[in-house]
Amino acid sequence: MSENQQQVAAQLRRELGAVAEVVVRLFGGDLLERVQLRLVDRCALLAANLCGEDDLLAGRTATEVMTALFGDADPPPEWWRTPLGRVVARSIGDDGEAVSQSVAAAMLGVSRSTVAQMLYRADHGLPGSGGLERHPDGGITRASVLARLARPTRD
């Protein structure tokens, strides 16, 4: 298991474990220990699916994890910079797919106006575009957002 896959599995155990704990307590605390034990194996499998080469399986797994963690809500912007957030972002759609400026902003943890400024700079060949690229059909290429996410953050 790669270091990234270990980090993803650990984050899944923490985040899904917190969700499971809330639900299991409704059904009785005696189930909690069994669920916590099951989480170790299950989160390792989920991490393998998300980090693996099977794009279809990774996409399905990403959808299931996002639904379990956030339901219909958007994750906090900083979540997209976590190990799990990055592999989920990679697993959603294909690299040629476009995302809206709002989605790009959420994934990057910046405001929508910052994304608009970055696109303006890119369109006019100015520095500070952050590498974002417009999609021919509108929006921003998901690949350029992922490339931006992969950059090391500044402290």
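Procedures and definitions
- Residues numbered from 1 in each chain as written.
- Predicted model: local features only at pLDDT ≥ 70, side-chain atom pairs only at ≥ 80, totals over all residues.
- Heavy atoms only, no water.
- Helix = DSSP H or I, 4+ residues; strand = E, 2+ residues; numbered from the N terminus.
- Buried < 20%, exposed > 50% of the residue type's maximum accessible area, 1.4 Å probe, protein only.
- Areas by Shrake-Rupley, 256 points an atom, 1.4 Å probe, with all protein chains shown as cover.
- Lys, Arg positive; Asp, Glu negative; His and termini not counted.
- Charge placed at Lys NZ, Arg CZ, Asp CG, Glu CD.
- Salt bridge = Lys/Arg side-chain N within 4 Å of Asp/Glu carboxyl O.
- Expected span 1.5 Å × (residues − 1).
- Arc of directions from axis to C-beta.
- Core = buried A, V, L, I, M, F, W, Y, C linked by side-chain atoms within 4.5 Å.
- Contact = heavy atoms within 4.5 Å.
- Polar contact = N/O pair within 3.5 Å; in protein donor to acceptor, adjacent residues only side chain to side chain.
- Phe/Tyr/Trp six-rings, centres within 6.5 Å; stacked < 30°, edge-to-face > 60°.
- Axes fitted to C-alpha atoms, helices over the stretch in contact; angles between N-to-C directions.
- Parallel < 35°, antiparallel > 145°, perpendicular 65-115°, else oblique.
- Nonpolar A, V, L, I, M, F, W, Y, C, P; charged D, E, K, R; others polar.

*Asks:* I tried to follow the overall build of the protein on my own but got confused; where do I start?
*Replies:* If you tally the helices and strands in the protein, you get seven helices and two strands. Ordered by position from the N terminus, the helices and strands of the protein form the series α-α-α-α-β-α-α-β-α. Projected onto its principal axes, the C-alpha coordinates of the protein cover approximately 60 × 35 × 30 Å. Expressed as a percentage of its 155 residues, the buried residues of the protein come to 34%. Total accessible area on the protein stands at roughly 9200 Å², and carbon and sulfur atoms take up 53% of it. Of the side-chain charges in the protein, 17 are positive and 20 negative, and the distance between the mean point of each set is 5 Å.

*Asks:* What am I meant to see in the pattern of salt bridges here?
*Replies:* When the charged atoms of two side chains lie near each other, side chains of opposite charge can form a pair. For the structure on display, the rule yields two salt bridges. With a closest N to O distance of 2.7 Å, Asp123 and Arg134 form a salt bridge. Pair noted here: Asp123 is in helix 6 (residues 112-123) and Arg134 is in the loop between helix 6 and strand 2 (140-141), with a separation of 11 residues, a long-range link. A relative accessible area of 43% places Asp123 in the partly exposed class. For Arg134, a relative accessible area of 42% corresponds to the partly exposed category.

*Asks:* Mind showing me how you'd approach helix 6 here?
*Replies:* The periodicity of an α-helix, 3.6 residues per turn, causes residues three or four positions apart to be oriented the same way. Here helix 6 spans 16 Å end to end across 12 residues, near enough to the 16 Å set by a 1.5 Å rise per residue. Among the residues of helix 6, those classed as buried are Val115, Met118 and Leu119. Each buried residue of helix 6 sits inside an arc of 100 degrees when the element is viewed along its axis, so together they form one side. Among the residues trailing helix 6, Gly125 stands out with phi positive, at a value near 65 degrees.

*Asks:* Help me understand the nonpolar core in this model?
*Replies:* Within soluble globular proteins, side chains that are nonpolar generally end up buried alongside one another. Of all hydrophobic cores here, the largest spans 33 residues; its most connected members are Leu12, Trp79, Leu84, Leu132, Ile140 and Val145. Elements represented by at least two residues in this core include exactly helix 1 (3-27), helix 2 (30-51), helix 3 (55-70), helix 4 (83-91), helix 5 (101-108), helix 6 and helix 7 (142-150). Every residue in contact with Ile140, bar those within four places of it in the chain, is listed here: Glu97, Ala98, Val99, Gln101, Ala104, Val115, Leu119, Leu132, Glu133, Arg134, His135 and Val145.

*Asks:* I tried to follow the environment of Gly59 on my own but got confused; where do I start?
*Replies:* Position of Gly59 among the secondary structure elements: in helix 3. Spatially, the C-alpha atoms of Gly59 and Arg90 are 8.6 Å apart, while their sequence positions differ by 31 residues.

*Asks:* Can you walk me through the side chain of His135 in this structure?
*Replies:* Position of His135 relative to the elements: it lies in the loop between helix 6 and strand 2. A polar atom in the side chain of His135 sits 3.0 Å from the backbone nitrogen of Asp137.

*Asks:* I'm lost on the packing of aromatic side chains in this one. Help?
*Replies:* For any pair of aromatic rings, the description consists of the separation of the ring centres together with the inter-plane angle of the planes. Tallying each qualifying case throughout the model produces two aromatic pairs. With a centroid separation of 5.2 Å and an interplanar angle of 80 degrees, the aromatic rings of Phe70 and Trp79 are classed as edge-to-face. Taking the centre distance of 5.2 Å and the plane angle of 80 degrees together, the rings of Trp79 and Trp80 count as edge-to-face. Comparing Trp79 with Trp80 shows no difference in burial state: the two are buried. An aromatic cluster is defined as three or more aromatic residues linked by ring pairs; in this entry it consists of Phe70, Trp79 and Trp80.

*Asks:* Can you walk me through the packing of helix 5 against helix 6 in this structure?
*Replies:* A pair of packed helices can be characterised by two numbers: the angle between their axes and the separation between those axes. One can describe the packing of helix 5 onto helix 6 by two numbers: an axis separation of 8 Å at closest approach and a directional angle of 105 degrees. As far as their axial angle goes, helix 6 and helix 5 are roughly perpendicular. Here helix 5 contributes Gln101, Ser102, Ala104 and Ala105 to the contact with helix 6, which in turn contributes Arg112, Val115, Ala116 and Leu119. Of the residues in the contact of helix 5 with helix 6, the class split is five nonpolar, two polar and one charged.

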